[in-house]
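Single-letter residue listing:
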Amino acid sequence: MAETESGAGPDSGGTRMADKTAQGVVAAFGQTMKTLRLRAGMERQELGRRLGYSAATIASFEQGRRIPSPRAIDGADEVLAAEGLLKLWKEELERAQYPVFFQGMAQLEKQALELLEYDALLINGLLQTEDYTRALFAMRRPALDPDTVEQRVSARLARQAVFDRRPTPLLSFVMTEAVLRHRYGGKQVLRGQLEHLLLTGHRPNVELQVMPVECEDNAGMGGPFTVVTRLDGKRFLYVEAQATSKLETDPEQTSLAAARYGIIRSQALTPRESLNFIEKLLGEL
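These remarks concern the structure in this document. All residue numbers refer to positions counted from 1 along the written sequence of the respective chain. With pLDDT at 70 or above as the cut-off, local features in this predicted model cover only qualifying residues; side-chain atom pairs require 80 or more to be listed or tallied, and sums for whole chains, interfaces and linings still use all residues. Side-chain measures were taken over the full set of non-hydrogen atoms in the model, leaving aside hydrogen atoms and water.

### Here's the deal with the pattern of salt bridges
Here's step 1: When a carboxyl oxygen of Asp or Glu is within 4 Å of a side-chain nitrogen of Lys or Arg, the pair counts as a salt bridge. Counting across every chain of the model gives 16 salt bridges.
Here's step 2: Salt-bridge contacts for Arg159 lead to Glu109; the nearest nitrogen and oxygen are separated by 2.7 Å. Residue Arg159 is located in the loop between α8 (146–158) and β2 (170–176), and its partner Glu109 is located in helix α6 (residues 100–110); the two are separated by 50 residues in the primary sequence.
Here's step 3: Accessibility here uses a 1.4 Å probe with only protein chains present; expressed as a share of the type maximum, an area under 20% marks a residue as buried, one over 50% as exposed, and anything in between as partly exposed. According to the relative accessible area criterion, Arg159 is buried, its value standing at 5%.
Here's step 4: Among the salt bridges present, the one from Arg265 reaches Glu207, with a minimum N-O distance of 2.2 Å. Taken together, the residues span a long stretch of sequence, with Arg265 in helix α11 (residues 251–267) and Glu207 in strand β3 (residues 206–211) at a distance of 58 residues.
Here's step 5: Overall, Glu207 belongs to the partly exposed group, its relative accessible area being 33%.
Here's step 6: Overlapping salt bridges bring together Glu177, Arg181, Lys280 and Glu284 as one network. To qualify as a helix, a DSSP run of H or I must reach at least 4 residues; to qualify as a strand, a run of E must reach at least 2; elements of each kind are numbered from the N terminus.

### Side note on helix α10 (residues 187–201)
Here's step 1: Multiply 1.5 Å by the residue count of a helix minus one, and that product is the helix's expected span. Taking 1.5 Å per residue as the helical rise, α10 with its 15 residues ought to reach 21 Å, and the 21 Å between its terminal C-alpha atoms agrees with that figure.
Here's step 2: Within α10 the residues assigned to the buried category are Val189, Leu190, Gln193, Leu194, Leu197, Leu198, Thr200 and Gly201.
Here's step 3: The inward-facing, buried residues of α10 abut α7 (130–138), β2, α9 (177–181), β3 and α12 (271–284). We call two residues in contact whenever any of their non-hydrogen atoms come within 4.5 Å of each other.

### What to know about the packing of α10 against α12
Here's step 1: In this analysis, axes come from line fits to C-alpha atoms, helices being fitted only over the stretch in contact, and the angle between any two N-to-C directions falls in the range 0 to 180 degrees. Two numbers describe how α10 lies on α12: the axes approach to 10 Å, and their chain directions differ by 160 degrees. Considering the angle they form, α10 stands roughly antiparallel to α12. Classified by chirality, the crossing of α12 by α10 is left-handed. Residue-level contacts link Arg191, Leu194, Glu195, Leu197, Leu198 and Gly201 of α10 to Leu275, Ile278, Glu279, Leu281 and Leu282 of α12. Orientation labels follow simple angle bins: below 35 degrees gives roughly parallel, above 145 gives roughly antiparallel, 65 to 115 gives roughly perpendicular, and whatever is left gives oblique. Left-handed describes a crossing whose near helix is turned anticlockwise from the far helix through less than a right angle; right-handed describes the clockwise counterpart.

### Regarding the packing of aromatic side chains
Two aromatic rings, taken as a pair, are described by how far apart their centres are and by the angle between their planes.
Here's step 1: Working definition: rings of Phe, Tyr and Trp (its six-membered ring) pair if their centres are within 6.5 Å, and the pair is stacked with planes under 30 degrees apart, edge-to-face with planes over 60 apart, and tilted otherwise. This model, assessed by the stated rule, comprises six aromatic pairs.
Here's step 2: With centroids separated by 6.2 Å and ring planes inclined at 75 degrees, the aromatic side chains of Phe29 and Trp89 adopt a geometry described as edge-to-face. Remark: Trp89 occurs in the loop between α4 (70–79) and α5 (90–96) and Phe29 occurs in helix α1 (residues 13–39); sequence separation between them is 60 residues.
Here's step 3: Residue classification places Phe29 among the buried residues on the basis of a relative accessible area of 1%.
Here's step 4: By relative accessible area, which is 22% here, Trp89 ends up partly exposed.
Here's step 5: Each ring, one from Tyr132 and one from Tyr184, has its centre 6.2 Å from the other, and the planes form 65 degrees; the classification is edge-to-face. Taken together, the residues span a long stretch of sequence, with Tyr132 in helix α7 and Tyr184 in the loop between α9 and α10 at a distance of 52 residues.
Here's step 6: We classify Tyr132 as buried; its relative accessible area is 0%.
Here's step 7: An aromatic cluster of three or more residues is present, and its members are Tyr118, Phe225 and Tyr261.

### Describing the pairing of strand β6 (residues 244–248)
Here's step 1: In the sheet, strand β5 (residues 235–241) pairs with β6 via five bridges, with the strands oriented antiparallel. Across the sheet, residue Val239 finds its bridge partner in β6, namely Lys246.
Here's step 2: Where β5 folds back onto β6 in an antiparallel hairpin, the turn is made up of two residues, including Gln242, whose phi is positive at roughly 50 degrees. By the convention used here, strands pair only if DSSP detects at least 2 bridges between them.

### Brief notes about the layout of surface pockets
Here's step 1: Put simply, the second largest pocket is a space of about 500 Å³.
Here's step 2: Elements represented by at least two residues in the lining of the second largest pocket include exactly α4, α5, α6 and α8.
Here's step 3: With four residues, α8 is the largest single contributor of residues to the lining of the second largest pocket.
Here's step 4: Amino acids are sorted into nonpolar (Ala, Val, Leu, Ile, Met, Phe, Trp, Tyr, Cys and Pro), charged (Asp, Glu, Lys and Arg) and polar (every other residue, Gly among them). For the lining of the second largest pocket, the per-class residue count stands at twelve nonpolar, four polar and eight charged. Of the two site types, the cavity is a set of points on a 1 Å grid over the protein atoms alone where a 1.4 Å probe fits but cannot get out, and the pocket is an open set with protein on both sides within 12 Å along at least five of seven lines, each lined by residues with an atom within 4 Å of a point. Grid points are joined across faces, edges and corners, and a volume is the space filled by probe spheres set on the points.

Shown next as structure tokens:
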């Protein structure tokens with residue numbers, strides 16, 4: 001799905017508690033980083049110069065308003081002579097960068113042998129460009145604060161490492177034509193997004209398919225969904241709507257979803273036809 005964020009809905013008490021826990025992790029890391037910086041007698045500007053960030057960004061890390069990338073954590077650990085202390089936070093911070101209802105799915109993506117994604121609302125998060133992602137977060141209501149937007153954009157783009165992971169997972173995406181025509185962020189953003197789809201669609205482990213509006217049959221009328229097969233063979237079904245989500249492990253339901261996805265693929269354009277279709281849309285912009 002576009003978000004592919006799983007777990008309990010954000011209105012549950014358990015989710016609110018988990019959100020606070022994640023915020024606490026980020027704040028604790030920031031305080032640790034600040035303590036080590038002060039111990040080293042270093043100003044924020046100097047630390048930022050060494051890590052390639054502004055002093056304001058270092059402040060946002062220390063104040064728990066932004067989550068640093070793994071590269072930034074490694075760099076800070078080395079520059080501040082933390083001897084691995086900051087690196088110990090990397091796994092917890094990685095989980096904290098996602099909304100609570102996405103954290104489970106983020107882990108599954110890393111363990112996936114196969115990902116089957118059907119999208120009918122917007123382009124899947126694993127396929128999004130930075131500009132397209134940023135445009136989507138800018139449309140959120142209630143509006144997200146700038147630091148949260150930056151954090152969410154970075155987190156979504158980081159998920160795309162799945163394309164280069166070894167062993168290489170099999171990735172299949174079927175999306176409706178309407179998804180490809182929505183000009184979220186404007187014409188230039190969509191142009192860059194379609195170009196990115198063409199490049200990604202030529203990867204040997206990726207199949208992109210389009211369900212054209214003229215298609216008279218579509219087994220995906222129940223809405224977007226994702227089927228994940230883990231490296232150990234266990235299969236999961238994920239569905240999401242209005243910031244609520246469900247991760248299903250029942251073998252009957254996951255098998256039916258996989259079968260449904262197979263029908264959807266047979267109804268859509270072939271991968272080769274789909275890439276030609278995307279090229280045609282690109283030429284119309």
